[in-house]
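Per-entry structural report
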Amino acid sequence: MEEAGIGWIAAIIIGGIAGWLAERFMKSDMGGLMNILLGIVGAAVANLLLGLIGVSLGGWIGYLIAGFIGACILIAVARAIRR
């Protein structure tokens, strides 16, 4: 998060937006707090996975994209575990 150049408040806001977008894209119903958590944790997961292949996303837009990708991955994993 600090590498992206954003603070905690911005991370919560961007994480909430990323989680909400992922929730809509994946057609799930998680709730507001879970959207924020999905976006923030999803950004960390996506940055880790993207870092393994040499891709680095920075700034607000990069954090939003990483949060969206990571939240979608987390929703898909949760669905696979539940089945």
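To keep things clear, this report deals only with the structure shown in the data block. This is a predicted model, so every value here is computed, not measured.

**What about the overall build of the chain?**
A count of helices and strands for the chain gives three helices and zero strands. Ordered by position from the N terminus, the helices and strands of the chain form the series α-α-α. Against the compact-globule benchmark of 12 Å for 83 residues, the chain has a radius of gyration of 12 Å, which places it among compact chains. Looking at the chain as a whole, 34% of its 83 residues qualify as buried. For the chain, the share of sequence-separated contacts (at least 6 apart) that also reach a separation of at least 24 residues comes to 67%. A total of about 5100 Å² of accessible surface is found on the chain, and carbon and sulfur atoms cover 73% of it. The averaged location of the 4 negative side-chain charges in the chain is 17 Å from the averaged location of its 5 positive side-chain charges.

**Brief notes about unusual backbone geometry**
Phi is positive for Lys-27, which is not a glycine, with a value near 55°. Mapping Lys-27 onto the fold places it in the loop between helix H1 (8-25) and helix H2 (32-52).

**A word on the environment of Leu-38**
Topologically, Leu-38 is positioned in helix H2. Assessed through its relative accessible area of 9%, Leu-38 is described here as buried. Taking the C-alpha atoms as reference points, Leu-38 and Ala-18, 20 residues apart in sequence, are found 7.9 Å from one another. Setting aside residues no more than four positions away along its own chain, Leu-38 makes contact with Met-30, Ala-43, Gly-67, Ala-71, Leu-74 and Ile-75.

**Quick look at the environment of Asn-47**
When you line up the elements, Asn-47 lands in helix H2. When its relative accessible area of 30% is taken as the criterion, Asn-47 is described as partly exposed. When the C-alpha atoms of Asn-47 and Glu-23 are compared, they prove to be 19 Å apart, with 24 residues separating the residues in sequence. With residues near it in sequence (within four places) discarded, Asn-47 still touches Leu-57 and Ala-66.

Calculation rules
Residues numbered from 1 in each chain as written. Predicted model: local features only at pLDDT ≥ 70, side-chain atom pairs only at ≥ 80, totals over all residues. Heavy atoms only, no water. Helix = DSSP H or I, 4+ residues; strand = E, 2+ residues; numbered from the N terminus. Rg over C-alpha atoms; globule rule 2.2 N^0.38 Å. Buried < 20%, exposed > 50% of the residue type's maximum accessible area, 1.4 Å probe, protein only. Contact = heavy atoms within 4.5 Å. Areas by Shrake-Rupley, 256 points an atom, 1.4 Å probe, with all protein chains shown as cover. Lys, Arg positive; Asp, Glu negative; His and termini not counted. Charge placed at Lys NZ, Arg CZ, Asp CG, Glu CD.

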